[in-house]
Amino acid sequence: MRLRGSYGYVVYLLPLTFLALFYFYPLLAILDIGLRPDGWLDLSAFLRLLSTDYYLGVFLFTLYQATLSTALTLFLALPCAYVFSRYRFAGKSLLLSLATLPFVLPTVVVALAFMSLVGRRGLVNDLLMTLFSLDYTPVQLERTLAIVIIVHVFYNFAIALRIMTGYWSAQGIAAEEAARVLGADEWALWRDIRLPLIQPALLSAAALVFMFTFTSFGVVLILGGIRFATLEVQIYYQAISLFNLPMAGALSLLQIVAMFALMTAYTHLQRGLQSAIGAGKAVARPVKSPRERSLVWGVVIFIFALLFTPLLALVARSALNNGALDMSNYAALAESSRGSLLFIAPIEAVANSLRFALISTSMALIIGMIASFMIVGRGGLARLVDPLLMLPLATSAVTLGFGFIVALDEPPLNLRASWLIIPISHTLVAFPFVVRSVLPSLRAIPSSVREAAQVLGARPFDLLRTIDLPLVSRGIAVGATFAFTVSMGEFGASLFVAQRESVTIPVVIYRLIGDPGLASYRQALAMSVILLLVCALGFVMIERLRVAGVGEF
Amino acid sequence: MLQLKDLSHAYDEAVSLRNVNLRVAKDEIVCLLGPSGCGKTTLLRIVAGLISDYEGDVLLDGRDLRRLAAHERGFGLMFQDFALFPHMSVSDNIAYGLRRRRMAPTDIALRVELMLDQVGLGAYGERDIGTLSGGEQQRVALARSLAPEPNLLMLDEPLGSLDALLRDKLALELREIIKGTGLSALYVTHDHREAYAIADRIAVMDRGTIRQLDRPFDLYHHPVDENVARFLGFSNIFQFGDNRFTRELRCRFLPDAADSDAFLIHPDGIELDNVGDPAAIAHRGRIESSVFRGEYSEVTILLPQEGLRLRCKSRNGTPTVGRSVTVSVKSEAIRRLN
């Protein structure tokens, strides 16, 4: 409607072409290499995948760890959500917004943060060893399933908390009061009212958390190792370490199918969530009794312990040496001491990352905004395009990265040797964030406002300039910041496509962690803090820009 | 002068307008009155240029408007939700149409000032839209649509989102302001009282057609058919063959009518306890309900033998429920309906 006439459709071709070239074409390439590695239909990789206990085990383990992570996340978030929705206390909304910080934190940073807290060289071990004069490390969490699950909780806790708190708050307290008047005790209230009422939010949060942990890559790769390989890690391992492309392709196909199934389930559950939200007035009340006070304090301390101690440990580890401020780790970033490991000095990766992030943000903005206009536009095209444009969101970064290296390494599209392949892959991951940030404010513009402008003489271009763009400017800023932080922290796809000179911060950190030397570990710490600061800054910007109702995240 | 010739439109199969013909003269306010879904807003949007897939012609001073897009028509349109631009000040809202016409900035400032004065919002220029009350927003919307001196003003339920008290007050003001500019106006509403107050002529619409086009007075006194009468709030609608009472009315006042002919007993022509008027037909009944409304009381009388209910207004007191009463109906009260 807005971009009427023939120009409109030409502009619309941009996101479609981008998707065709850099999403569907690589996906087809994966299909090709998985099903016909030698040019004819050959299902042997697939059959091996399905008949070998090892690969079946990988799949089952992926499900198992995702189930475990989801269950623990929900188990911890449920009581916290209850406290958040029922009580009013100082700093509540700040805490609720701070709790979403992990959402923008790169996996490498978080993995290293947990390593510096509870890892072999972590703060907790140091502390225990000094306190009890031990000569061994008492906490042995590195390369265990436990640490992977804990980090998954770290990542997804806030998502579950937000969904359930919002839903519970919107439900109101009327049903509960009615039940109480009818004689329900506290136990009956939970069983008959609260849990049944929160169920849609619980299921929706579960689906989302399951989806995120099912595709978890960086966390599992760094903290779990190959022993705890999920599908994602296995794809990487098969493709890069073993160069078994047909098997990597088959695994990717399995992953894609599973993700689409999950995404469909989630969309379905979410629709139920929206329709069920009724008109409830605010139910939060001030804390009164000592019991309530300790409940609130307990929740606040728990959230701080879960979300902020690892990050503080990381910062402390990077800048403290025997209790004194020591910036030598940062100074070491300019040195390319281990030429065999990295081909550039770590600090150059910072420049790379910034450059790629700026390019990806610009591309994601252009494509995301055109896509948003396409989606709000009327007609069959919009209905078709909306889910189509969201597909990359349901595809894991590792699958995308793998697709890139098998599809874009030969004519007609040979980008393998070009640094452009990195911002392109980042754009693919980041532009759905732009769409999800811009779309709500674009949809919120009443059609009558546009029509009023039209009747007052606004041509289509005036409409865009004077009405649409000013009204979605905040959403655009949020989307741009999201895109920037996503690009800065992108790990899965970058690991596949980055070359020696064009490595990004997360890739460098990963390489440094893999090196047993202490110097590399220290460089990794310093790099992680830099990345942490950049992402935290982006997070603050997003939170400040985000007015009520902007953004669907 | 605006002229609509054989205007038809359908939304995916569902017909929304069927062969509508209408002329709006210079300086005339025509109300499109009808229930929701009757096609009145569709008609307005076609005239505004927001809907283009219609059949028939929209002519302004004889010129076909079909090829003119909404932004080229130079019409004013006021929306029910006002559709003010939330990111602009009051002045910028009013200036919007002037800027699109590339008027000089100093002229724009003058014109905005004048419009603000005209709608009584003199000091509001720099205010944020979000800080205005409903009534103030309505005035800004009006000023915004009048500022570019449109050829035609269209208003889509402009009072619909305001509360009843404000509505009555603003309806009068609106008519005065529109009449003051000498504009032709198309005014959409579903409230017949609002239409009576504002319109020079009212077009009652139902299921995509204009059922009756009349001056408010004539519409009130002579609704043409049952649908129109019911929509205007009348309820004493019967067929002559219904019962002894209705047959008596026919014999006396309209002997050539058929049994199946519908008619309205206009409430203004019903009198209570006025026995002895030879020109009226009197009948015994019982007060079934009686509601005090202030200036008058709304009374329902049951004629028990016929099982027929009559509604009328009593201006002398509120009769007690259950009391028996004599109703008298005069010839002028009977309106034949098509």
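These numbers come from a predicted model, not from an experiment.

## A closer look at the overall build of chain B
Consideration 1: Helix and strand counts for chain B come out as nine helices and 18 strands.
Consideration 2: Each principal axis of the C-alpha distribution contributes one length, and for chain B these read about 75 × 45 × 30 Å.
Consideration 3: Put simply, chain B has 338 residues, and 51% of those count as buried.
Consideration 4: A separation threshold of at least 6 residues defines the contact pool for chain B, and within that pool the share at least 24 residues apart is 66%.
Consideration 5: Entry remark: accessible area of chain B is about 15500 Å², with carbon and sulfur atoms responsible for 47%.

## Some thoughts on the nonpolar core
Within soluble globular proteins, side chains that are nonpolar generally end up buried alongside one another.
Consideration 1: In terms of nonpolar packing, the biggest core is built from 223 residues, with A:Phe402, B:Leu43 and B:Leu186 touching the most fellow members.
Consideration 2: Not counting the four nearest positions on each side in its chain, B:Leu186 is found in contact with B:Leu2, B:Leu22, B:Val24, B:Val30, B:Leu32, B:Leu43, B:Leu44, B:Val47, B:Leu153, B:Met154 and B:Leu155.
Consideration 3: Within the second largest apolar cluster, 50 residues are counted, among which are B:Ile29, B:Val90, B:Ala95 and B:Leu162.

## Some words on the pairing of strand E9 (residues 201-206) of chain B
In the case of a regular strand, side chains alternate between the two sheet surfaces.
Residues and elements named next belong to chain B.
Consideration 1: Among the six residues that make up E9, five are buried, leaving the element largely enclosed by the rest of the structure.
Consideration 2: Relative to E9, strand E3 (residues 29-33) runs parallel, the two being bridged by four bridges. Bridge pairing in E9 links Cys 31 to Ile 202.
Consideration 3: Sheet analysis places E9 next to strand E10 (residues 209-214), joined by five bridges and oriented antiparallel.

## Considerations on the sheet that holds strand E2 (residues 14-24) of chain B
Residues and elements named next belong to chain B.
Consideration 1: What the four strands build is an open sheet, ordered E2-E1-E4-E5; its pairing is antiparallel. A single partner strand is all that each edge strand has here, and the edge strands are E2 and strand E5 (63-64).
Consideration 2: Bridging between strand E1 (residues 2-11) and E2 involves seven bridges; their strand directions are antiparallel. Residue pairing across strands places Tyr 11 opposite Ala 14, the latter belonging to E2.
Consideration 3: Set on the sheet, helix H1 (residues 40-48) makes contact with E1, E2 and strand E4 (55-60); between it and E1 the angle comes to about 115 degrees.

## Some remarks on the confidence of the model for chain A
Residues and elements named next belong to chain A.
Consideration 1: Residue-level pLDDT values for chain A average 85, and 93% of them are 70 or greater.
Consideration 2: Here helix H17 (residues 380-390) stands out as the element of chain A with the lowest mean pLDDT, 72, in contrast to helix H3 (residues 53-86), whose mean of 93 is the highest.
Consideration 3: Scored below 50 in pLDDT, residues 276-280 makes nine contacts in the model with residues more than four places away or belonging to other chains.
Consideration 4: Low pLDDT, under 50, characterises residues 548-553; the predicted model gives this stretch 16 contacts beyond four residues in sequence or across chains.

## Let's talk about the interface of chain B and chain A
Consideration 1: Facing the 24 residues of chain B at the interface are 19 residues of chain A.
Consideration 2: Together, the buried faces of chain B and chain A total about 1800 Å²; carbon and sulfur atoms form 63% of this surface.
Consideration 3: Remark: the boundary between chain B and chain A carries two salt bridges.
Consideration 4: A salt bridge links B:Arg45 to A:Glu451; the shortest N-O distance between them is 2.7 Å.
Consideration 5: Across the contact surface, chain B and chain A share six residue pairs in polar contact (both at pLDDT 80 or more).
Consideration 6: Listing elements by their share of the side of chain B that touches chain A, those giving two or more residues are H1, strand E6 (76-78), helix H2 (90-100) and helix H4 (134-146) of chain B.
Consideration 7: A total of three residues in the side of chain B that touches chain A trace back to one element, the largest contributor, which is H2(B).

## Quick look at empty space enclosed by the protein
Consideration 1: As enumerated under the stated definition, the model contains three cavities of 30 Å³ or more in all.
Consideration 2: The computed volume of the second largest cavity comes to approximately 40 Å³.

## Points about the sheet that holds strand E18 (residues 334-337) of chain B
All names here are of chain B.
Consideration 1: Taken together, the three strands give an open sheet; going across it, the order is E11-E12-E18, and neighbouring strands pair in antiparallel fashion. Looking at the sheet topology across the chains shown, the edges are occupied by strand E11 (237-239) and E18. Geometrically, the sheet is characterised by an average inter-axis angle of 35 degrees between neighbouring strands, direction not taken into account.
Consideration 2: Helix-sheet contacts for helix H9 (residues 244-253) involve E11, strand E12 (262-265) and E18, and the interaxial angle to E12 is about 90 degrees.

## With respect to the environment of A:Ser425
Residues and elements named next belong to chain A.
Consideration 1: Note on placement: Ser 425 falls in helix H19 (residues 421-443).
Consideration 2: Since its relative accessible area comes to 2%, Ser 425 is described here as buried.
Consideration 3: Residues Ser 425 and Gly 377 lie 48 residues apart in sequence; the distance between their C-alpha atoms is 27 Å.
Consideration 4: Non-local contacts of Ser 425, meaning those with residues more than four positions away in its chain, are made with Phe 404, Ala 493 and Val 497.
Consideration 5: Of note is the side chain of Ser 425, whose polar atom sits 2.7 Å from the backbone oxygen of Ile 422.

## Here we look at a nonpolar patch on the surface
Consideration 1: A grouping of A:Leu41, A:Leu43 and A:Leu47 is seen on the molecular surface, where their side chains present a nonpolar patch of about 310 Å² in accessible area.
Consideration 2: Of note, A:Leu41 is situated in the loop between helix H1 (5-35) and helix H2 (44-51).

## Quick look at the packing of H4(B) against helix H5 (residues 164-181) of chain B
All names here are of chain B.
Consideration 1: The N-to-C vectors of H4 and H5 enclose an angle of 20 degrees; their axes lie 12 Å apart at closest approach. If you check the angle between H4 and H5, you find them roughly parallel. Considering the relative orientation of H4 and H5, their crossing is right-handed. Touching Gly 135, Gln 138, Arg 139, Leu 142 and Leu 146 of H4 are Leu 166, Lys 169, Leu 170, Glu 173, Leu 174 and Ile 177, all from H5.

## A word on the packing of aromatic side chains
All names here are of chain A.
Consideration 1: All chains considered together, the criterion is met by 29 aromatic pairs over all chains.
Consideration 2: Seen in terms of ring centroids, Tyr 82 and Trp 168 are 5.7 Å apart; in terms of plane orientation they differ by 70 degrees. Their pairing is edge-to-face. Of the two residues, Tyr 82 sits in helix H3 while Trp 168 sits in helix H7 (residues 145-171), which places them 86 residues apart along the sequence. Of the two residues examined, Tyr 82 and Trp 168, each falls in the buried class.
Consideration 3: When the ring of Tyr 82 is compared with that of Trp 190, the centres are 4.9 Å apart and the planes differ by 50 degrees; the resulting orientation is tilted.

## So, the confidence of the model for chain B
Should pLDDT be low for a region, the predicted coordinates there are not to be read in detail.
All names here are of chain B.
Consideration 1: When pLDDT is averaged along chain B, the result is 91; 100% of the residues meet or exceed 70.
Consideration 2: Across chain B, the secondary-structure element scoring lowest on mean pLDDT is H5, at 86, and the one scoring highest is E3, at 96.
Consideration 3: The complex model carries a pTM of 0.82, and its ipTM stands at 0.82.

## Quick look at the pattern of salt bridges
Consideration 1: Evaluated as defined, the whole model comprises 36 salt bridges over all chains.
Consideration 2: Across the pair A:Arg194 and A:Glu186 runs a salt bridge, and its minimum N-O distance is 3.0 Å.
Consideration 3: The buried category is assigned to A:Arg194, whose relative accessible area is 1%.
Consideration 4: Put simply, B:Lys179 and B:Asp200 hold a salt bridge, and the shortest N to O gap is 2.7 Å. Taken together, the positions of B:Lys179 in helix H5 and B:Asp200 in the loop between helix H6 (192-198) and E9 put the pair 21 residues apart, joining distant regions of the chain.
Consideration 5: Look at the salt bridges and you will find they share partners, linking A:Arg86, A:Glu176, A:Arg180, A:Glu186 and A:Arg194 into a network.

## Remarks on unusual backbone geometry
Consideration 1: Of note, A:Phe243 is a non-glycine position whose phi angle comes to about 55 degrees, a positive value.
Consideration 2: Unlike most non-glycine residues, B:Glu149 shows phi in positive territory, near 50 degrees.
Consideration 3: Among the structural elements, B:Glu149 can be located in the loop between H4 and strand E7 (152-156).

Calculation criteria
- Residues numbered from 1 in each chain as written.
- Chains lettered and ligands numbered in written order.
- Predicted model: local features only at pLDDT ≥ 70, side-chain atom pairs only at ≥ 80, totals over all residues.
- Heavy atoms only, no water.
- Helix = DSSP H or I, 4+ residues; strand = E, 2+ residues; numbered from the N terminus.
- Buried < 20%, exposed > 50% of the residue type's maximum accessible area, 1.4 Å probe, protein only.
- Contact = heavy atoms within 4.5 Å.
- Areas by Shrake-Rupley, 256 points an atom, 1.4 Å probe, with all protein chains shown as cover.
- Core = buried A, V, L, I, M, F, W, Y, C linked by side-chain atoms within 4.5 Å.
- Pairing = 2+ DSSP bridges.
- Axes fitted to C-alpha atoms, helices over the stretch in contact; angles between N-to-C directions.
- pLDDT = per-residue confidence, 0-100.
- Buried area = accessible area lost by both parts, 1.4 Å probe.
- Salt bridge = Lys/Arg side-chain N within 4 Å of Asp/Glu carboxyl O.
- Polar contact = N/O pair within 3.5 Å; in protein donor to acceptor, adjacent residues only side chain to side chain.
- 1 Å grid on protein atoms, 1.4 Å probe; cavity = no way out; pocket = protein on both sides within 12 Å on 5 of 7 lines; lining within 4 Å.
- Points joined across faces, edges and corners; volume = space filled by probe spheres on them.
- Patch = residues over 30% accessible without salt bridge, like charges linked within 9 Å, V, L, I, M, F, W, Y side chains within 5 Å.
- Parallel < 35°, antiparallel > 145°, perpendicular 65-115°, else oblique.
- Left-handed = near helix turned anticlockwise from the far one by under 90°.
- Phe/Tyr/Trp six-rings, centres within 6.5 Å; stacked < 30°, edge-to-face > 60°.

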